[in-house]
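Observations on the three-dimensional arrangement
Each chain, letter by letter, is given below.
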Amino acid sequence: MITLLKNAKVIDPANHKDGVVQDIYIRDGRIIAKPADSEKIGQVHDLNGKIVMAGAIDMHSHIGGGKVNIARMLLPEYQAMRRLEEPEAHICGANCSHHATPNTTDTGMRYIEMGYTAAFEPAVLAVNARQAHMEMGDTPMIDKGGYAMLGNDDYFLRLLSQNADQKTINDYVAWTLHATQTIGIKVVNPGGISAFKFNERRQDLDQQHSHYHITPRRILQALSRAVNEIGIAKPLHVHCNNLGVAGNFQTTLDTMGASDGLPMHLTHIQFHSYGTEGDKKFSSAAANIAEAINSNKHITADVGQILFGQTVTASGDNMMQHLNAKVANPKKSVIMDIECDAGCGVVPFKYRDQNYVNALQWAIGLEVFLSVDDPWRVFLTTDHPNGAPFTSYPHLIRLLMDKTFRNDAFDKLNLDAQAMSNLKSLDREYSLYEIATMTRSAPAKLIGLQDRGHLGVGAAADITVYTEQADKEAMFAKPDLVFKDGELVVKEGKVVKVVWGATHTAKPTFDLGVEKDIKQYFDRYHTMQMNNFKISNDQIAEDGRNHVINHVQG
Amino acid sequence: MTIQQDSMHACPACGLLCDDISADAIARQQFSCGKAAKFYARVTTGVSPQVAGQPASLAEAVRAAAAALKQAAAPLVAGSSTDVHGARALVRLAQHTGAAMTHINASSTLRNMKVLQHRGWQTTTLTEVRNRADVILMIGTDVVSHNTRFFERVVWVDEAMFTEPAARQIIYLGGDQLNTQPGVSPDGRAPEVIACASEHLPEVVAILRALVMDKPVTATTVAGVAVSTLKTLAATLKAAKYATLVWVSKDLHYDHAELTIENITETVVALNQKSRAMGLSMGGSDGDTSVNYAHTWLNGVIIDAPAWESHDAVVWVNSYSPQAMPPAGTQPVIVLGAPDSIFESAPAVFIPVATPGLDCNGQQFRVDGSVTLPLTAAKPTDLPTLTQVVALIEAQLQGDLA
Ligand code: SF4
Ligand SMILES: [Zn+2]
Ligand SMILES: [Zn+2]
């Protein structure tokens, strides 16, 4: 059956279309060229010039895995007990932890209702990947994928400290992608999570790890090179050292140089753009960071915007979250060391606009957005749920597109923070084309999803239809129609059909000989068999709803 | 090149989930663990469904189960002794029928959850302990009564990356009738035992925490334990490279035992100001972690411990505890569970289902919560899975509604 979207006003940066009115034909879940007149059209939607974009892709959102589930457990005081017989009876407000860390069903529903058709879990602990996939498998409506965390696992650190050759490292990295069914590699506080287990409290970029005697810079070199040489699309995803520390912008700038010019993605860069100026020794270094992104073409970044309200932060960075736990609100936190592989830290925060640091964090994020020239290299994220829940994206989009709205919000901030930000001097307003770039075309390109994030012939028919409105928050909060793989799944902001999406992976070829040594490591030191660490396609498909889409890249 | 491995099974009989059980060991019934021996000796064949104690076809039993659920105003899904897949099915059934859902280990699980939700905690996992722990303090427990092979698999191992396993210091603090023999090191070094009855642990652990926090303590003994002994213990914990404080919620079963657990975890928090330490909650299974976790990601809230008397039908799942039955009183009982269930009085409906890890494959969380392992059918049978049976009941309910 062919579905026709008539008179679509297409905004599709990947195909350089900015408001071209055209017809879109869909068959078997794909966008096709205009069929012969003899072919029957099954379903016609006359869009009368409504805005049409590809489904949005969240390239960094904590939607599944151990720490997210701990975050779900952590704030019972805000969870008016759900009455299961009335699933809609509990409406989450900004003070509810469901709001920040929804269950898997709500996650999928809220994403698709906003026109998002894929989200990528950026911190899959390799050893916890099975759980992450179970939760993502229970997340309906959208496609999923993950980035596996390396760089603090003892196997890798041993390799590096024993001067293993790059080929061995490449094989291990590729092996990890296969074993964990992921599509990218992330490093969190390179070396720092491991160092915390040896009672270190900070790990600087050029400081030797106290046990392995290698530096985070060396870890970044080895991993960025591995990711590049095994040929996956997604550049190394880097959560820099010194998360959240005043003055950390210098670490961030230095980190940009650590890959010797190979592509790297610096994540939630807002949390890494802090200076030490002013009375409070906490200032915005967004201008330095944005300038460095503009001039370092090998660097991409997502922002990790904070928005005000209650949330629960969930990070692999147990070293820095252990420090952050001192300012937890409510006062509780979970810190874990995990399996000689990684760690996690779950800390609730309440971001308040009258708090100097929080207000400035808000401004810093927006300063970064508005000062980075190229929307292909800066991504729209709140580091869900760490800066704010993903459900606040429409609000964030309005802040970017509407200067008056932004300045009105700025005027309500803590006055000392206002004095320390140049946000009001930034006149830029994002265009729809730029928003489509940063939420569609660019993430698909970055992750290497060739058939997503655009509306060209052959693309998967993940499509969102909006009514253009002056209030961009209202526009992006409630698309008219959303199609997932060609099926109409959302009408007037409400789900009309439940689908389950797929799991995207990248499985580059590698020398399986590397497994001999990995197995030996498991047998000598682990508490599970190597074979049980590996996740098969069948296990992803398990309950028959999910399936793996592997992307051949490079 | 692929590396051939003997097919190994993960044992779901306790929360340790040892995944080194060979097909050969199962065939010959040779285990270093009595619990595993008992689990793999279970006979799950030749049992048919029953309605009111009489043999019935699967279809008849499904119809009877659906009818009982339809009549109930406030059904309860309980026992819930299953794996992740079973948990998903039960959560769905509960949503579908408006049932509350709990677990056979709800009271011990919720004791831990109270601490997590009140203050959070700082914990570690088995491989970290195996490779780092130089001091292991067992509080109110010997662990081995629950996790038989804890010392074999985690403590007295041949090799560790960052510590000398045989040199580890094992200390037992309090508890009743502990088996401390497994705490003896391979070269015969006895563990330190600081004895006190479980009921006195609240005071003793509170003093230990105060000492670790360098608070003044004026008493010289607490519940018969010399404060000087606890001072030495506090110093040992502070000097450790990676102190591990172990508890088993089930062994702390007096009133408000969650406060003792919180004192344990807050002792860890205090230690981590300057040195490294972590908590480790052991024990567990009947899939308790799996069920609580899956319930949390599917519903957004942890499992509950409802009052039995307010329910008028029970779906009882006892896959890992065939002898376990719900408290008498709440009727009717629909058992979707162990083929080798032992009934004192026949339930309204009994549908034998496959036990994950024995009759069928599955996935289970280990007690430390970060690791999930695939369960493989050790002795495959053609019993339906819990997921399949729940789907049949739901289809029946839907058909009834139509
Ligand atoms: S210790 Fe537990 S998991 Fe290991 S074999 Fe015994 S019962 Fe099974
Ligand atoms: Zn809520
Ligand atoms: Zn993140």
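Residues numbered from 1 in each chain as written. Chains lettered and ligands numbered in written order. Predicted model: local features only at pLDDT ≥ 70, side-chain atom pairs only at ≥ 80, totals over all residues. Heavy atoms only, no water.

**Some points on the site of ligand 1**
Neighbouring ligand 1 are the residues Cys11(B), Ala13(B), Cys14(B), Leu16(B), Leu17(B), Cys18(B), Cys33(B), Lys35(B), Ala36(B), Thr148(B) and Arg149(B). For the shell around ligand 1, a count of residues per class yields 8 nonpolar, 1 polar and 2 charged. (Near = heavy atom within 4 Å. Nonpolar A, V, L, I, M, F, W, Y, C, P; charged D, E, K, R; others polar.)

**Considerations on the coordination of the zinc ion (ligand 3)**
All names here are of chain A. Note on the zinc ion (ligand 3): its protein donors are His60 (NE2), His62 (NE2) and Asp383 (OD). The metal-donor distances range over 2.0 to 2.1 Å. Within one chain, the residues serving as donors to the zinc ion (ligand 3) are arranged as H-x1-H-x320-D. With His62 in the loop between β6 (56–58) and α1 (66–73) and Asp383 in the loop between β18 (378–379) and α13 (393–401), this pair connects stretches of sequence that are 321 residues apart. Of the two residues, His62 and Asp383, neither departs from the other in class, the shared state being buried. (Donors = N, O, S within 2.8 Å, 3.2 Å for Na, K, Ca; no water. Helix = DSSP H or I, 4+ residues; strand = E, 2+ residues; numbered from the N terminus. Buried < 20%, exposed > 50% of the residue type's maximum accessible area, 1.4 Å probe, protein only.)

**A word on the sheet that holds strand β15 (residues 313–318) of chain B**
All names here are of chain B. Sheet architecture is open: 7 strands sit in the order β4-β3-β17-β16-β15-β5-β6, paired in mixed fashion. Because the sheet does not close on itself, it has two edges, and the strands there are β4 (54–55) and β6 (100–101). Two strands pair when backbone bridges link them, and strand β5 (residues 75–81) and β15 are joined in this way by 5 bridges, in the parallel orientation. Looking at β15, one finds that Ser81 is bridged to Asn318. Contacts from helix α3 (residues 58–71) reach β3 (50–51), β5, β15, β16 (333–337) and β17 (349–352) within the one sheet, and its direction differs from that of β17 by about 130 degrees. (Pairing = 2+ DSSP bridges. Contact = heavy atoms within 4.5 Å. Axes fitted to C-alpha atoms, helices over the stretch in contact; angles between N-to-C directions.)

**Side note on the domain arrangement of chain B**
You'll often see interface size given as the accessible area lost when the parts meet. Residues and elements named next belong to chain B. Segmenting chain B into domains produces domain 1 (45–105 + 288–401) and domain 2 (109–282). Computed from C-alpha coordinates alone, the two centres of domain 1 and domain 2 are separated by 35 Å. With 11 residues of domain 1 at the interface, the matching set in domain 2 holds 12 residues. Together, the buried faces of domain 1 and domain 2 total about 920 Å²; carbon and sulfur atoms form 63% of this surface. When the area that domain 1 buries against domain 2 is broken down by residue, the three leading residues are Asn105, Ile302 and Val367, summing to 48%. Here domain 1 and domain 2 share 3 residue pairs in polar contact (both at pLDDT 80 or more) between them. (Domains from an automatic or database assignment. Buried area = accessible area lost by both parts, 1.4 Å probe. Polar contact = N/O pair within 3.5 Å; in protein donor to acceptor, adjacent residues only side chain to side chain.)

**Some points on the interface of chain B and chain A**
Contact residues are listed per partner, giving 60 residues for chain B and 62 residues for chain A. Between chain B and chain A the total buried area reaches about 5600 Å² when both faces are included, carbon and sulfur atoms providing 52% of it. Linking chain B with chain A are 6 salt bridges, by the criterion used here. Linking Arg132(B) and Asp154(A) is a salt bridge whose minimum nitrogen-to-oxygen distance equals 3.4 Å. Applying the counting rule to chain B against chain A returns 44 residue pairs in polar contact (both at pLDDT 80 or more). If you list the elements that add at least two residues to the side of chain B that touches chain A, you get α4 (84–97), α5 (106–118), β7 (120–123), α6 (126–132), α11 (288–299), β18 (362–365) and β19 (372–375) of chain B. Here the side of chain B that touches chain A is built from residues that sort into 23 nonpolar, 24 polar and 13 charged. Where strand β16 (residues 333–338) of chain A meets β7(B), 4 bridges bridge the pair, whose relative direction is parallel. Bridge pairing links Met336(A) to Thr123(B) in β7(B). (Salt bridge = Lys/Arg side-chain N within 4 Å of Asp/Glu carboxyl O.)

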